[in-house]
Each structure stands twice: as structure tokens, then as C-alpha cells.
Protein chains: 6
Amino acid sequence: MKISGRNFIAGTIKDVHKGSTTAHVHLEIAGGVIITASITNESVDELGLAPGKKAHALIKSSDVMIAVD
Amino acid sequence: MKISGRNFIAGTIKDVHKGSTTAHVHLEIAGGVIITASITNESVDELGLAPGKKAHALIKSSDVMIAVD
Amino acid sequence: MKISGRNFIAGTIKDVHKGSTTAHVHLEIAGGVIITASITNESVDELGLAPGKKAHALIKSSDVMIAVD
Amino acid sequence: MKISGRNFIAGTIKDVHKGSTTAHVHLEIAGGVIITASITNESVDELGLAPGKKAHALIKSSDVMIAVD
Amino acid sequence: MKISGRNFIAGTIKDVHKGSTTAHVHLEIAGGVIITASITNESVDELGLAPGKKAHALIKSSDVMIAVD
Amino acid sequence: MKISGRNFIAGTIKDVHKGSTTAHVHLEIAGGVIITASITNESVDELGLAPGKKAHALIKSSDVMIAVD
């Protein structure tokens with residue numbers, strides 16, 4: 001599958017915290033950088049997300065801001 | 001300044017492509033991963049974005065999807 | 001591939017309008033409903049988007065508002 | 001009222017699942033396609049969302065990705 | 001019409017800048033605060049946006065970050 | 001710090017409601033307008049958000065819709 005989202009970043013699931021409807025997932029990508037995703041609990045179950053699993057972060061370029069000092 | 005966005009990723013501007021109102025910016029982060037941001041031309045000018053400049057990508061966790069094979 | 005985004009809707013590309021950096025794509029889904037996506041020109045080229053091509057719209061549930069009369 | 005969001009899709013509420021602050025709403029649109037929205041519990045109460053109610057999904061075109069096989 | 005988006009802010013259109021596909025709209029709200037919206041050129045035409053026109057900014061709460069010094 | 005997000009609006013925190021993973025924050029800006037943000041509980045703790053604290057709302061222009069009557 002090819003997706004229009006410009007940011008498709010490979011990593012490994014570090015941990016998953018489920019809330020009542022929304023879960024927070026930490027994905028470790030190259031260089032030890034941690035990306036945090038906020039997704040539905042159903043997604044966590046459907047994708048079988050658990051520490052150690054290979055996954056990608058998918059982010060639309062229009063959702064990325066740039067900051068400079 | 002502290003920001004609620006959970007993803008604040010350090011990198012270096014690789015290149016900037018301006019359109020008529022929207023610009024695409026490529027930021028190289030750790031491990032050579034490239035993050036693409038779609039921001040306004042005014043932002044590019046105001047932040048003085050150019051190749052080689054240190055910058056951060058700022059992404060809300062609710063804008064990050066996770067994909068698995 | 002499985003993706004956390006809850007809305008993965010099958011359709012057919014109706015038309016594509018490229019701007020200087022951003023393109024507008026119309027996707028016809030079931031019942032003749034048209035979904036409009038605003039994506040980068042690179043995405044259009046990379047995915048080979050053209051009228052008649054089968055495609056899916058991918059939308060995070062946190063990006064969907066509900067309106068009632 | 002007219003809204004700039006390009007995707008304004010008519011449907012009927014199928015079900016509503018409230019969490020502690022965030023609710024997941026399933027809206028059935030033409031062709032039996034289900035759209036999932038993640039909105040605040042206050043919105044659910046204020047809009048009186050319940051199964052069978054007519055509603056629209058409102059989605060900005062910049063929040064729609066396209067995927068192809 | 002009632003909309004789930006928690007931020008529905010009244011104001012007056014200050015100016016509109018059209019690009020090739022995307023337009024930037026400045027809306028002046030209470031206290032002289034200027035809100036910038038990036039919407040499609042079709043939206044500008046369809047809504048008849050021009051300086052002096054009354055309008056609202058509609059923003060989902062999940063799209064708002066908070067920053068502190 | 002300078003950020004590409006075009007909407008950086010000063011205000012004062014009115015109240016904070018924490019859910020299991022997601023919190024709703026109300027920020028009062030000029031003219032008594034209330035902006036609602038949906039952010040993670042960690043952000044609330046890390047930024048020390050509490051009623052009376054000075055803060056800014058940060059919103060990307062591509063996340064702002066315009067509505068007219």
C-alpha cells in the first residue's frame with residue numbers, strides 16, 4: 001500500500017497506555033527519538049500493539065509545525 | 001517555552017520549497033530520518049528557514065497514526 | 001498493512017487538481033458521495049492518482065466533527 | 001450556515017460510546033459506510049447525539065489522506 | 001446548525017489571499033485578535049468571503065495546543 | 001522560540017478537566033472568548049496548567065475552518 005501522508009517513519013513500540021476510549025502509544029524511531037501517538041483503544045487491539053512490535057508512525061505534512069529558537 | 005504537543009523533535013532544515021501560499025519543508029532528524037512539514041510561506045520567511053538551520057518539528061499526538069504490516 | 005486511522009473508505013478517483021505545491025483530489029465513495037482530499041503534488045505523482053483509479057480515503061477519527069440541524 | 005470544510009456528509013448516528021472525556025460516535029452514511037468521529041462528551045450531550053438521529057460528518061480536506069494498493 | 005467542534009468564534013473577515021489551490025484568510029475576533037485560516041479557494045468563493053463579512057472560526061479542541069513560558 | 005503555527009493567542013487558564021488519558025482545558029483570551037483545547041494529561045502536569053496561569057493557544061492555520069450564515 002502507498003499512502004499520501006509524507007511522513008511514514010519506521011520504529012518499535014515502546015509502551016501503550018489505554019484510557020477509557022483513547023490510548024497513548026510511544027514508538028521509538030531511529031536515533032532513540034520517541035514519537036507519541038494518541039489513537040483509539042480499538043486500534044490498539046486491532047493492530048495488536050504491544051512493546052517490541054515493529055510499526056510505523058504516519059503523519060500528514062499539514063499536521064507538522066516547525067519551531068526555531 | 002513549554003508546549004503541550006508531545007512530539008518536539010530536533011533536526012536540521014534540509015530544503016524548503018515555496019508554492020503560491022504553502023511551502024514544503026524537509027527537516028532531517030536523528031538517524032537521517034526526513035520529516036516533511038507543510039507550512040505557510042509567511043512562516044518560512046518569519047522563521048528564516050533555510051538549509052542548515054537548526055529547528056524542531058512540533059506534532060500533536062492526536063495527529064499521529066500508527067501502521068503495522 | 002493495518003492502520004490505526006478508524007476511517008478507511010474505498011472509492012474511485014474522480015479528478016485531481018494540482019496547485020503549486022498542494023493538490024485537491026476528489027474521490028467518489030459508495031452512494032456517489034464525493035470526498036475531497038488536500039494532499040501534496042508529490043503524493044499525487046508517487047501514488048499515480050488519476051481519474052478511474054481505485055483508492056481509499058484515510059481519516060483519523062479525531063479529525064471528524066459531527067453537525068446536527 | 002455554510003462551512004469551508006469540503007466534506008459535509010449526511011448520515012444517521014448508529015451508536016455513541018462515551019469515555020471519561022472523549023466519545024466515539026459511529027455515523028452510517030450512504031452505501032452503509034460507517035464513519036467514526038472522536039468528539040468531546042459535552043458535544044454528544046449538547047447535540048443530543050443518539051442512535052437514529054440525522055447528522056453530518058464534517059471533515060477538512062487537509063485532514064484526508066489517500067491510499068492506493 | 002449545531003457542531004461538535006468546541007471552538008466557534010465570531011469575527012469579521014479582514015483579508016483574503018488566494019494561492020493556486022489554497023487561500024489564507026484573516027479573521028478579526030474580539031479584542032482585535034487575528035485568527036488565520038488556511039482553506040481551499042473553492043471555499044472562499046462558495047462562502048463569498050471578503051473583507052468586512054461576518055464569519056466564525058471553527059476549530060476542533062483536539063487541534064489546539066497550549067504553550068506556557 | 002518562533003513557531004510556524006500562525007495562531008498563537010495569549011490568554012489565561014480558566015479550568016482544567018482531566019479524563020483517563022485526555023484533558024480538556026479552557027483558556028480565556030481577549031474579549032472573554034473561551035478557547036477549548038484537548039491535550040494529554042501528561043501535558044497538563046508538565047506545563048503546570050491550573051486556573052489563573054498565563055498561557056497561549058497554538059493552532060495551525062490548516063486546522064481552522066470558516067463558517068458564514
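Because the structure is predicted, anything quoted here is derived from the model rather than measured. (Residues numbered from 1 in each chain as written. Chains lettered and ligands numbered in written order. Predicted model: local features only at pLDDT ≥ 70, side-chain atom pairs only at ≥ 80, totals over all residues. Heavy atoms only, no water.)

## Points about a nonpolar patch on the surface
Turning to step 1, where the next piece is worked out: Among the surface-exposed residues, A:Met1, A:Phe8, C:Met1 and C:Phe8 lie close enough to one another that they form a single nonpolar patch of about 340 Å² accessible area.
Turning to step 2, where the next piece is worked out: Position of A:Met1 among the secondary structure elements: in the segment before strand S1 (2-3). (Patch = residues over 30% accessible without salt bridge, like charges linked within 9 Å, V, L, I, M, F, W, Y side chains within 5 Å. Areas by Shrake-Rupley, 256 points an atom, 1.4 Å probe, with all protein chains shown as cover. Salt bridge = Lys/Arg side-chain N within 4 Å of Asp/Glu carboxyl O. Helix = DSSP H or I, 4+ residues; strand = E, 2+ residues; numbered from the N terminus.)

## Details of the side chain of E:Thr21
Turning to step 1, where the next piece is worked out: For E:Thr21, the location among the structural elements is in the loop between strand S2 (7-18) and strand S3 (22-29).
Turning to step 2, where the next piece is worked out: The class of E:Thr21 is buried, set by a relative accessible area of 8%.
Turning to step 3, where the next piece is worked out: Within the structure, the side chain of E:Thr21 is placed 3.2 Å from the backbone oxygen of C:Thr22, a separation counted as a polar contact.
Turning to step 4, where the next piece is worked out: Setting aside residues up to four positions removed in sequence, E:Thr21 forms contacts with C:His17, C:Lys18, C:Gly19, C:Thr22, C:His24, E:Ile39, E:Thr40 and E:Asn41. (Buried < 20%, exposed > 50% of the residue type's maximum accessible area, 1.4 Å probe, protein only. Polar contact = N/O pair within 3.5 Å; in protein donor to acceptor, adjacent residues only side chain to side chain. Contact = heavy atoms within 4.5 Å.)

## Considerations on the sheet that holds strand S4 (residues 34-40) of chain A
Turning to step 1, where the next piece is worked out: Within the open sheet, the 6 strands sit side by side as S4(A)-S3(A)-S2(A)-S5(A)-S6(B)-S1(C). Their pairing is antiparallel. One side of each edge strand has no neighbouring strand; the edge strands of this open sheet are S4 of chain A together with strand S1 (2-3) of chain C.
Turning to step 2, where the next piece is worked out: The pairing of strand S5 (residues 54-59) of chain A with strand S6 (residues 65-68) of chain B spans 3 bridges and is classified as antiparallel. Bridging from a neighbouring strand, A:His56 pairs with B:Ala67 of S6(B). (Pairing = 2+ DSSP bridges.)

## Considering the relation of the copies chain A and chain D
Turning to step 1, where the next piece is worked out: Each copy of the sequence occupies a distinct position, and chain A is placed on chain D by a rotation of 120° and an axial shift of 0.0 Å, giving an RMSD of 0.0 Å. These values place the two chain copies in the arrangement generated by a three-fold rotation axis. Distance from the rotation axis, computed per C-alpha, reaches its smallest value in chain A at A:Ser20: 3.5 Å. (Least-squares fit on C-alpha atoms with pLDDT ≥ 70 in both.)

## Quick look at the sheet that holds strand S3 (residues 22-29) of chain C
Turning to step 1, where the next piece is worked out: In space, the 6 strands of this open sheet follow the order S1(A)-S6(D)-S5(C)-S2(C)-S3(C)-S4(C), with antiparallel pairing throughout. The open sheet has two edge strands, S1 of chain A together with strand S4 (34-40) of chain C, and neither has a second partner.
Turning to step 2, where the next piece is worked out: Inspection of the sheet shows S3(C) paired to S4(C) by 7 bridges, in the antiparallel sense. Of the residues in S4(C), the one forming a bridge with C:His26 is C:Thr36.

## Describing the UniProt feature "domain: Mop" (unreviewed entry) in chain A
Turning to step 1, where the next piece is worked out: Mapped onto the present numbering, the UniProt feature "domain: Mop" (unreviewed entry) falls at residues 2-68 of chain A.
Turning to step 2, where the next piece is worked out: As annotated, residues 2-68 of chain A comprises 10% helix and 58% strand, and the C-alpha atoms at either end are separated by 32 Å. (UniProt positions renumbered as here; feature names shortened; annotations may be inferred.)

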